Amino acid sequence: MDESVPTLSLLIAAHNEEADIEARIKNALALDYPAGKLEIVIASDGSTDATNDIVRKFADRGVRLLAYSLNQGKASVLDKSVPRLNGEIVILSDANTHMEPDVAQRLAAWFLDPDIGVVCGRLVLTDAKTGKNVDGLYWKYETFLKKCESRLGALLGSNGAIYAIRKALFPGIASGTIIDDFVIPLDAKLQSGCRIVYDPDAVAYEETAPTMRAEFRRRVRIGAGGFQSIGMLWPLLSPVHGWVSFTFLSHKVLRWVCPFFLLGMLGANALLLSDPLYASTMGAQAAFYALAAAGNWLPAQPRFLRFFRLPTMFVSMNAALFLGFFRWCLGRQGGTWKRTDRTNEGVSLPEAQPVGSGQ
């Protein structure tokens with residue numbers, strides 16, 4: 001056994017994942033890491049289908065099941081499960097995520113630096129039917145921002161599908177927290193001062209939402225979680241936190257309040273229509289929103305038409321944030337999850353190997 005590498009726990013939260021959990025476990029068993037140094041744990045959050053029975057079939061291969069009787073939400077499951085893990089480092093992931101075999105080694109290597117507390121991997125979005133990489137302009141921009149923020153030592157949150165945290169630094173998380181993968185890393189940083197870094201070579205894959213409605217619903221949830229997280233993490237807005245303060249304000253807070261800026265701009269413009277200049281700016285706004293509406297009917301091909309759908313994406317995201325704000329205000333966005341239907345046809349899995357097959 002290689003004593004120089006840390007012990008790892010891969011924790012996968014799941015709720016009614018009978019369609020995907022077996023493939024996910026096989027993918028986890030294919031991770032290349034020294035024997036005896038990696039445990040795989042499935043935390044089942046009140047699953048009422050065959051999820052638990054499927055997980056139990058892998059008990060003889062070292063896969064451990066933590067079965068909770070009630071569906072309490074991912075945050076609650078993580079808060080209860082992490083203290084029950086054996087690894088020094090905890091890799092957090094989802095049931096619909098599939099990792100490259102070298103992910104465990106890549107993430108673990110960072111923790112040889114005692115200042116590093118959280119490592120975020122790169123999530124690649126794939127088409128549900130073809131399995132092809134469909135990272136859009138927005139996701140590519142988000143990935144670019146993660147790289148830049150990591151260089152500044154100001155990375156904000158992680159991808160819930162692929163990130164690792166020192167178990168000793170896990171801050172605990174309140175039940176009902178909506179975007180746990182944002183709150184957990186930043187709360188750990190707030191409490192310990194640890195570094196959060198991004199590793200673009202630690203790669204995982206996840207299917208995109210199958211419909212525009214499912215994607216919009218997901219963004220509404222994230223929007224509600226964003227406003228909730230401001231109340232949890234507001235101390236990070238203090239200038240004493242340096243670049244973290246800047247990136248939190250510019251990358252997150254200003255984005256979340258953007259719908260109100262847009263409405264304010266539209267309302268102010270309407271009050272100034274008697275001026276020819278502002279009449280023209282109102283015309284420009286009207287044209288932009290008309291283009292955003294038309295984008296819903298544009299075909300995906302040829303590729304150049306995708307640029308004309310950018311206004312559609314922009315308006316849709318801000319509409320979701322706006323709705324998310326009111327869901328948060330009214331307390332209508334809970335922490336429990338509703339599983340999104342997926343096909344998994346497009347996921348290509350590495351061939352399964354026993355846990356600890358790495359050298």
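All of these numbers come straight from a predicted model, not from anything done at the bench.

Considering the overall build of the protein chain
Thinking step 1. The number of helices and strands found in the protein chain is 11 helices and 8 strands.
Thinking step 2. Here the protein chain holds 359 residues, and 48% of them are scored as buried.
Thinking step 3. For the protein chain, long-range pairs separated by at least 24 residues make up 76% of all intrachain contacts whose partners lie at least 6 apart in sequence.
Thinking step 4. Counting every atom, the protein chain has about 17100 Å² of accessible surface; 60% of that belongs to carbon and sulfur.

A short note on the sheet that holds strand E4 (residues 89-94)
Thinking step 1. Strand order across the open sheet formed by 8 strands is E3-E2-E1-E4-E7-E6-E8-E5, with mixed pairing between neighbours. Since the sheet does not close on itself, it has two edges, and those belong to strand E3 (63-68) and strand E5 (97-99), each with one partner. Taking each pair of neighbouring strands and ignoring which way they run, the sheet shows an average axis angle of 30°.
Thinking step 2. In the sheet, strand E6 (residues 116-126) pairs with strand E7 (residues 163-166) via 3 bridges, with the strands oriented antiparallel. Across the sheet, the residue bridging to Val118 is Ile165, located in E7.
Thinking step 3. Across the sheet, helix H1 (residues 21-29) is in contact with strand E1 (8-14), strand E2 (38-45), E3, E4 and E5; its angle to E5 comes to roughly 20°.

Section: the confidence of the model for the protein chain
Thinking step 1. On average, residues of the protein chain carry a pLDDT of 87, and 87% of them reach 70 or more.
Thinking step 2. Counted against residues more than four places away or in other chains, residues 348-359, with its pLDDT under 50, gives 30 contacts.

Here we look at the pattern of salt bridges
Thinking step 1. Counted by the stated rule, this structure contains 11 salt bridges.
Thinking step 2. Residue Lys26 pairs with Glu22 through a salt bridge whose shortest N-O separation is 3.4 Å. Of this pair, Lys26 and Glu22 both sit in helix H1, 4 residues apart, which is roughly one turn of the helix.
Thinking step 3. A residue is classified by how much of its surface remains accessible, and Lys26, at 35% relative accessible area, is partly exposed.
Thinking step 4. Its relative accessible area of 29% is what places Glu22 among the partly exposed residues.
Thinking step 5. A salt bridge links Arg218 to Glu215; its shortest N-O distance comes to 2.8 Å. With Arg218 and Glu215 both in helix H7 (residues 212-233), this residue pair falls 3 residues apart, about one helical turn.

Things to note about the packing of H7 against helix H11 (residues 310-329)
Thinking step 1. Contact geometry of H7 with H11 gives a least axis separation of 7 Å together with a crossing angle of 55°. Our classification of the angle between H7 and H11 gives oblique. Between H7 and H11 lies a crossing of right-handed hand. Along the contact surface, H7 presents Phe216, Arg219, Val220, Gly223, Ala224, Phe227 and Gln228, while H11 presents Ser316, Met317, Ala319, Ala320, Leu321, Leu323, Gly324, Phe325, Arg327 and Trp328.
Thinking step 2. Here the residues of the contact of H7 with H11 sort into 11 nonpolar, 4 polar and 2 charged.

Topic: the environment of Arg327
Thinking step 1. Its location among the elements puts Arg327 in helix H11.
Thinking step 2. Note on Arg327: relative accessible area 25%, which makes it partly exposed.
Thinking step 3. Counting along the chain gives 107 residues from Arg327 to Val220, while the straight-line C-alpha distance between them is 8.3 Å.

Things to note about the packing of aromatic side chains
Thinking step 1. Per the counting criterion, the structure on display carries 12 aromatic pairs.
Thinking step 2. A ring pair is formed by Phe288 and Tyr289, whose centres lie 5.5 Å apart and whose planes are at 80°; its orientation type is edge-to-face.
Thinking step 3. Overall, the relative accessible area of 30% leaves Phe288 in the partly exposed class.
Thinking step 4. Residue Tyr289 is classed as partly exposed on the basis of its relative accessible area of 28%.
Thinking step 5. Clustering of aromatic rings is evident, with ring pairs tying together Phe227, Phe260, Phe322, Phe325, Phe326 and Trp328.

Rules used throughout
Residues numbered from 1 in each chain as written. Predicted model: local features only at pLDDT ≥ 70, side-chain atom pairs only at ≥ 80, totals over all residues. Heavy atoms only, no water. Helix = DSSP H or I, 4+ residues; strand = E, 2+ residues; numbered from the N terminus. Buried < 20%, exposed > 50% of the residue type's maximum accessible area, 1.4 Å probe, protein only. Contact = heavy atoms within 4.5 Å. Areas by Shrake-Rupley, 256 points an atom, 1.4 Å probe, with all protein chains shown as cover. Pairing = 2+ DSSP bridges. Axes fitted to C-alpha atoms, helices over the stretch in contact; angles between N-to-C directions. pLDDT = per-residue confidence, 0-100. Salt bridge = Lys/Arg side-chain N within 4 Å of Asp/Glu carboxyl O. Parallel < 35°, antiparallel > 145°, perpendicular 65-115°, else oblique. Left-handed = near helix turned anticlockwise from the far one by under 90°. Nonpolar A, V, L, I, M, F, W, Y, C, P; charged D, E, K, R; others polar. Phe/Tyr/Trp six-rings, centres within 6.5 Å; stacked < 30°, edge-to-face > 60°.

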